[in-house]
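# Chain and residue survey
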Amino acid sequence: MTCSLFDVFKIGIGPSSSHTVGPMLAARSFVLGLQESGRLAEVSRVKVQLFGSLGATGWGHGTGTAVVLGLEGERPDTVDVDTVPSRVHEIRSRNELTLLGVRHIAFDTTADLVRHMTKRLRFHPNALEFTAWVGKTKIADEIYYSIGGGAIVADDGSGQPPIPADERQWPYRFSRGSTLIDLCNENQLTIPGLMFANECAQQSADEVIVGIDRIWSVMTDCIDIGCRTDGTLPGGLFVTRRASALHKRLQRRTETNDPLAALDWVTLWALATNEQNAAGGRIVTAPTNGAAGVVPAVGMYAHTFIPGVGDEMIRDYLLTCGALGVVFKGSGSISGAEVGCQGEVGCASAMAAAGLAQLLGGTPQQVVNAAEIALEHHLGLTCDPIGGLVQIPCIERNAIAAVKSITAARMAINDDGYQYVTLDNCVRTMMQTGLDMNAKYKETARGGLAVSIVEC
Ligand code: SF4
């Protein structure tokens, strides 16, 4: 169990944390294993199979691209996003790649990268199997699950569901909202204070601050590039990027008496982030790539429109958002393939609501209530991306969710702290709803908008 915001916010590459970031890490881990075994230099063939949601929508989510780059040794946080299209084009046209940058092998992206459109493995809907041969002898076979937010776990072959291992010691362990509130009250800590203490158990305070500032800087860079880039998004739907035009319109706006003008900026920042994600840009999973626009948009709202919120308070904002991300990872799910979009955009909205409530002076109870309000009103939200791309409805959905976060934070702050439905009840409901949800609404692009709109 993690209690770190750095496991919630991970710097990576678009368009999907579970379909791009996780598979790239899994592929890299597999070839690192070959290197450790001393057999990398002999490998003559590698085959990769994608199951469940990865097989059904992986192409639109960039899974193929992520896998081949991961086999070449790339990492999501350091890969040069600008060179990705040309590198993948070269691998496809030459039918070869270089494992970990040292071992050339033939690799046919059709025969050696197999998509199982309907078959799924038993422990998680996002599964990958890697097999390596030396001549005709199979020397390695590994199954990985991409469990959401860019996290992966390997199948240990025991027949038991794999559980992510975490040996780290945390001063304050929690995976539920109620525990988080109790720990804060017992230790007279705020939620960001508690999270900071947890992070400082793993590294120095200066390193923690540098790490948090780096997350915010990647988020704001992403917004900045998104606001300056127009054209259409890749993938074949020819979706027009809107953030750049909206940005220009907002900059030209002269009237200052529109009481809702701030919401247009929130919308802009969410659109800009998610368009960058859809274009395969550098992104922070928050808690996933598809839902990456909500936390930055609400953070920018606070930074721009709430007097006194500067860079230092943004650290508190991200620490609080991260604490709620820990709760959702620990007792719920942030995987659209597992519980639908309620687990992605719903959790992102809840995290941002909590962060904003903290900045507005909320008690730990009010902060957690803000998260509950935001999540409650995303319950039942399905995942039905058109064409399997993280574009429609995902991009707009982040903008709407960001506005919901602001409303939820303000509701919680203006209330006395009593909440009929607790966050833990709400998370349990999300999980049960996800269990009951038909698989066609869980990131398979086989239901909802994905089949209601005819692609042209
Ligand atoms: S609909 Fe939601 S869960 Fe599905 S890909 Fe889009 S953002 Fe992710």
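Residues numbered from 1 in each chain as written. Predicted model: local features only at pLDDT ≥ 70, side-chain atom pairs only at ≥ 80, totals over all residues. Heavy atoms only, no water.

On to the packing of helix H7 (residues 205–228) against helix H10 (residues 294–305), then. Interaxial distance between H7 and H10 falls to 10 Å at its minimum, and their mutual angle equals 90°. Between H7 and H10, the interaxial angle falls into the category roughly perpendicular. Packed against H7, whose contacting residues are Trp216, Met219, Thr220 and Ile223, the element H10 presents Val295, Pro296, Gly299 and Met300 at the interface. Here the contact of H7 with H10 is composed, by residue class, of six nonpolar, two polar and no charged. (Axes fitted to C-alpha atoms, helices over the stretch in contact; angles between N-to-C directions. Helix = DSSP H or I, 4+ residues; strand = E, 2+ residues; numbered from the N terminus. Parallel < 35°, antiparallel > 145°, perpendicular 65-115°, else oblique. Contact = heavy atoms within 4.5 Å. Nonpolar A, V, L, I, M, F, W, Y, C, P; charged D, E, K, R; others polar.)

So, on to the site of the ligand. If you check the shell around the ligand, you find Gly290, Cys341, Glu344, Val345, Cys383, Cys394 and Arg397 and nothing else. In a pocket analysis with a 2 Å cut-off to the grid points, the ligand is assigned to the largest cavity. The residue makeup of the shell around the ligand, split by class, is four nonpolar, one polar and two charged. (Near = heavy atom within 4 Å. 1 Å grid on protein atoms, 1.4 Å probe; cavity = no way out; pocket = protein on both sides within 12 Å on 5 of 7 lines; lining within 4 Å. Sits in = over half its atoms within 2 Å of the grid points.)

Here the focus is the packing of aromatic side chains. We describe a pair of aromatic rings using the distance from one ring centre to the other and the angle between the two ring planes. Under the definition given, this model contains six aromatic pairs. Centre to centre, the rings of Trp265 and Trp269 are 5.8 Å apart; their planes meet at 40°, and the pair counts as tilted. One end of the pair is Trp265 and the other is Trp269, both in helix H9 (residues 261–278) and four residues apart, which spans about a single turn. Overall, the relative accessible area of 5% leaves Trp269 in the buried class. Their ring planes at 35° and their centres at 5.9 Å tell us that Tyr301 and Phe305 sit as a pair that is tilted. Separated by four residues within a single helix, Tyr301 and Phe305 lie in helix H10, roughly one turn from each other. Of the aromatic side chains, those joined through ring pairs into one cluster are Trp265, Trp269, Tyr301 and Phe305. Lying over the aromatic face of Trp133, Arg45 brings its terminal NZ or CZ to 4.9 Å of the ring centre. (Phe/Tyr/Trp six-rings, centres within 6.5 Å; stacked < 30°, edge-to-face > 60°. Buried < 20%, exposed > 50% of the residue type's maximum accessible area, 1.4 Å probe, protein only. Lys NZ or Arg CZ within 6 Å of the ring centre and 35° of its normal.)

Here the focus is the pattern of salt bridges. Under the defined criterion, the tally for this structure stands at 14 salt bridges. Arg168 is paired through a salt bridge with Asp166; the nearest N and O atoms lie 2.8 Å apart. Overall, the relative accessible area of 30% leaves Arg168 in the partly exposed class. Judged by relative accessible area, Asp166 falls into the buried class, the value being 18%. (Salt bridge = Lys/Arg side-chain N within 4 Å of Asp/Glu carboxyl O.)

Now for the sheet that holds strand S6 (residues 126–134). Judged by pairing direction, the sheet is mixed, and its five strands sit side by side in the order S5-S2-S6-S7-S8 without closing on themselves. Looking at the sheet topology across the chains shown, the edges are occupied by strand S5 (113–115) and strand S8 (151–154). With strand direction ignored, the average angle separating the axes of adjacent strands in the sheet is 25°. The pairing of strand S2 (residues 45–52) with S6 spans eight bridges and is antiparallel. Following the sheet pairing, Gly52 is matched in S6 by Asn126. The strands that helix H3 (residues 63–71) touches are S2, S5 and S6; relative to S2, the one it contacts most, it runs at about 145°. (Pairing = 2+ DSSP bridges.)

Before going further, it helps to examine helix H14 (residues 364–376). For H14, with 13 residues, the first-to-last C-alpha span of 18 Å sits near the 18 Å given by 1.5 Å per residue. Counting buried residues along H14, eleven of its 13 residues qualify, which places the element largely inside the surrounding structure. Turning to H14, its buried residues are Pro364, Gln366, Val367, Val368, Asn369, Ala370, Ala371, Glu372, Ile373, Ala374 and Leu375. (Expected span 1.5 Å × (residues − 1).)

Turning to the domain arrangement of the protein, a few remarks are in order. Annotation of the protein at the domain level lists domain 1 (16–154) and domain 2 (177–452). Each of domain 1 and domain 2 has a C-alpha centre, and the two are 29 Å apart. Counting residues at the interface gives 24 residues for domain 1 and 23 residues for domain 2. Roughly 1500 Å² of surface becomes buried between domain 1 and domain 2 when both sides are summed, with 51% attributable to carbon and sulfur atoms. Here domain 1 and domain 2 share zero salt bridges between them. The leading source of residues in the side of domain 1 that touches domain 2 is helix H1 (residues 17–36), at four residues. Of the residues contributing to the side of domain 1 that touches domain 2, the split by class is nine nonpolar, 14 polar and one charged. (Domains from an automatic or database assignment. Buried area = accessible area lost by both parts, 1.4 Å probe.)

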